[in-house]
Amino acid sequence: NAGVMQNPRHLVRRRGQEARLRCSPMKGHSHVYWYRQLPEEGLKFMVYLQKENIIDESGMPKERFSAEFPKEGPSILRIQQVVRGDSAAYFCASSLTGPSDSTKSYEQYFGPGTRLTVT
Amino acid sequence: AQTVTQSQPEMSVQEAETVTLSCTYDTSESDYYLFWYKQPPSRQMILVIRQEAYKQQNATENRFSVNFQKAAKSFSLKISDSQLGDAAMYFCAPFSNYQLIWGAGTKLIIKP
């Protein structure tokens, strides 16, 4: 029973390039969350998606960042024209149900993260 | 804004002893969940324990237990019989409005 998969584990980009981070949720999970962790800090919520829908993107910067979770394939977090301040660890998590589900099984299971370094 | 405070940046405990990590939070929600996660040096985020706010009984998971005081908005984690493998960053994270709200973490050091 594979856990949440993220790739690549490490990504180096020069300023101005694009970064694409991929996340495959646990089998059967249709809710995906992206978080960012700066050094020596806790995680910060970025976006919550269900299949083909963005539910909450209140933590996502308005420019250069976008996320999708298509019907088929992994969820993608895309950062255009990266800057040094984008250097961080990006974590994806998935859950079996979401806040609107009556079972309330909200546990989020995390992937190993992608460490993005912008040079 | 909802906030989480972990007032202990670092804690150390002798192996086999008991340690308590503190967490306070601020939320306007009445029904919510609270979680403790650990992040070892591998940086993998691992769920340790969860608590439903509507339950008065404190959650327990083997050597890990919580002291949940809803009125005080306090959610501390107790680790009994500490083991070397418990060394990690520990994060308190209430769940509200689709997202986990994270504290800054407490680094737990286990002394052999």
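Everything quoted here is computed from the prediction, not taken from an experiment.

Asks: Got a minute to help me understand the interface of chain A and chain B in this structure?
Replies: How big an interface is tends to be stated in terms of the accessible area lost upon association of its parts. Taken together, the contacts link 24 residues of chain A with 20 residues of chain B. Buried surface at the junction of chain A and chain B, summed over both partners, amounts to about 1900 Å²; 55% is from carbon and sulfur atoms. Remark: the boundary between chain A and chain B carries one salt bridge. The interface formed by chain A and chain B contains seven residue pairs in polar contact (both at pLDDT 80 or more).

Asks: How do you make sense of the sheet that holds strand β3 (residues 19-24) of chain A when you look at a structure like this?
Replies: Think of a sheet as strands paired side by side through backbone hydrogen bonds, with each pair either parallel or antiparallel. Residues and elements named next belong to chain A. Spatially, four strands are ordered β1-β3-β8-β7 in an open sheet, and the strand pairing comes out antiparallel. A single partner strand is all that each edge strand has here, and the edge strands are β1 (5-7) and β7 (65-68). On average, adjacent strands in this sheet sit at an angle of 15° to one another, irrespective of strand direction.

Asks: I would appreciate a short explanation of the nonpolar core in the present structure.
Replies: Counting 25 residues, the largest nonpolar core has Trp 36, Phe 75, Leu 77, Tyr 90 and Leu 108 of chain B as the members making the most contacts within it. For this core, the elements supplying multiple residues, two or more each, are β3 (19-21), β5 (33-39), β6 (46-52), β8 (64-69), β9 (74-79), β10 (88-96) and β12 (106-111) of chain B. Setting aside residues up to four positions removed in sequence, Phe 75 of chain B forms contacts with Cys 23, Tyr 25, Leu 34, Phe 35, Trp 36, Gln 51, Val 66, Asn 67, Phe 68 and Cys 92 of chain B. Among the nonpolar cores identified, the runner-up in size contains 23 residues, and Ala 19, Met 60, Ala 88 and Val 118 of chain A belong to it.

Asks: I'm lost on the state of the cysteines in this one. Help?
Replies: Disulfides are covalent bonds that connect the sulfur atoms of two cysteines. Throughout the structure, instances matching the rule amount to two disulfides over all chains. The disulfide bridge from Cys 23 of chain A ends at Cys 92 of chain A, spanning 1.7 Å between sulfur atoms. Taking the torsion about the S-S bond as the criterion, the Cys 23 of chain A to Cys 92 of chain A disulfide, at about -50°, is left-handed. You can see Cys 23 of chain A sitting in strand β3 and its partner Cys 92 of chain A sitting in strand β9 (residues 88-95), a full 69 residues away along the chain. For Cys 23 of chain A, a relative accessible area of 0% translates into the label buried. Sulfur-sulfur distance for the disulfide between Cys 23 of chain B and Cys 92 of chain B comes to 2.0 Å. Handedness of the Cys 23 of chain B-Cys 92 of chain B disulfide follows from its S-S torsion of about -65°: it is left-handed. Highlighted residues: Cys 23 of chain B in the loop between β3 and β4 (24-26) and Cys 92 of chain B in strand β10, separated in sequence by 69 residues. The pair Cys 23 of chain B / Cys 92 of chain B is uniform in exposure class, with both members buried.

Asks: I would appreciate a short explanation of the packing of aromatic side chains in the present structure.
Replies: Each pair of aromatic rings is reported with the distance of its centres and the angle of its planes. All names here are of chain A. On inspection of all chains with the given rule, the structure shows 13 aromatic pairs over all chains. A ring pair is formed by Tyr 33 and Tyr 48, whose centres lie 4.7 Å apart and whose planes are at 5°; its orientation type is stacked. Remark: Tyr 48 occurs in strand β5 (residues 43-50) and Tyr 33 occurs in strand β4 (residues 31-37); sequence separation between them is 15 residues. For Tyr 48, a relative accessible area of 1% corresponds to the buried category.

Asks: Is there a simple way to explain the side chain of Gln 37 of chain A in this structure?
Replies: Inspection of the secondary structure assignment puts Gln 37 of chain A in strand β4. With relative accessibility at 4%, the residue Gln 37 of chain A sits in the buried group. Polar contacts involving the side chain of Gln 37 of chain A include one to the side chain of Arg 43 of chain B, which spans 2.9 Å. When sequence neighbours within four positions are dropped, the list of residues in contact with Gln 37 of chain A reads Gly 42, Leu 43, Ala 88, Ala 89 and Phe 91 of chain A together with Gln 39, Arg 43 and Phe 91 of chain B.

Cut-offs used in this document
- Residues numbered from 1 in each chain as written.
- Chains lettered and ligands numbered in written order.
- Predicted model: local features only at pLDDT ≥ 70, side-chain atom pairs only at ≥ 80, totals over all residues.
- Heavy atoms only, no water.
- Contact = heavy atoms within 4.5 Å.
- Buried area = accessible area lost by both parts, 1.4 Å probe.
- Salt bridge = Lys/Arg side-chain N within 4 Å of Asp/Glu carboxyl O.
- Polar contact = N/O pair within 3.5 Å; in protein donor to acceptor, adjacent residues only side chain to side chain.
- Pairing = 2+ DSSP bridges.
- Helix = DSSP H or I, 4+ residues; strand = E, 2+ residues; numbered from the N terminus.
- Axes fitted to C-alpha atoms, helices over the stretch in contact; angles between N-to-C directions.
- Core = buried A, V, L, I, M, F, W, Y, C linked by side-chain atoms within 4.5 Å.
- Buried < 20%, exposed > 50% of the residue type's maximum accessible area, 1.4 Å probe, protein only.
- Disulfide = S-S within 2.5 Å.
- Phe/Tyr/Trp six-rings, centres within 6.5 Å; stacked < 30°, edge-to-face > 60°.

This is a description of form; function is not addressed.
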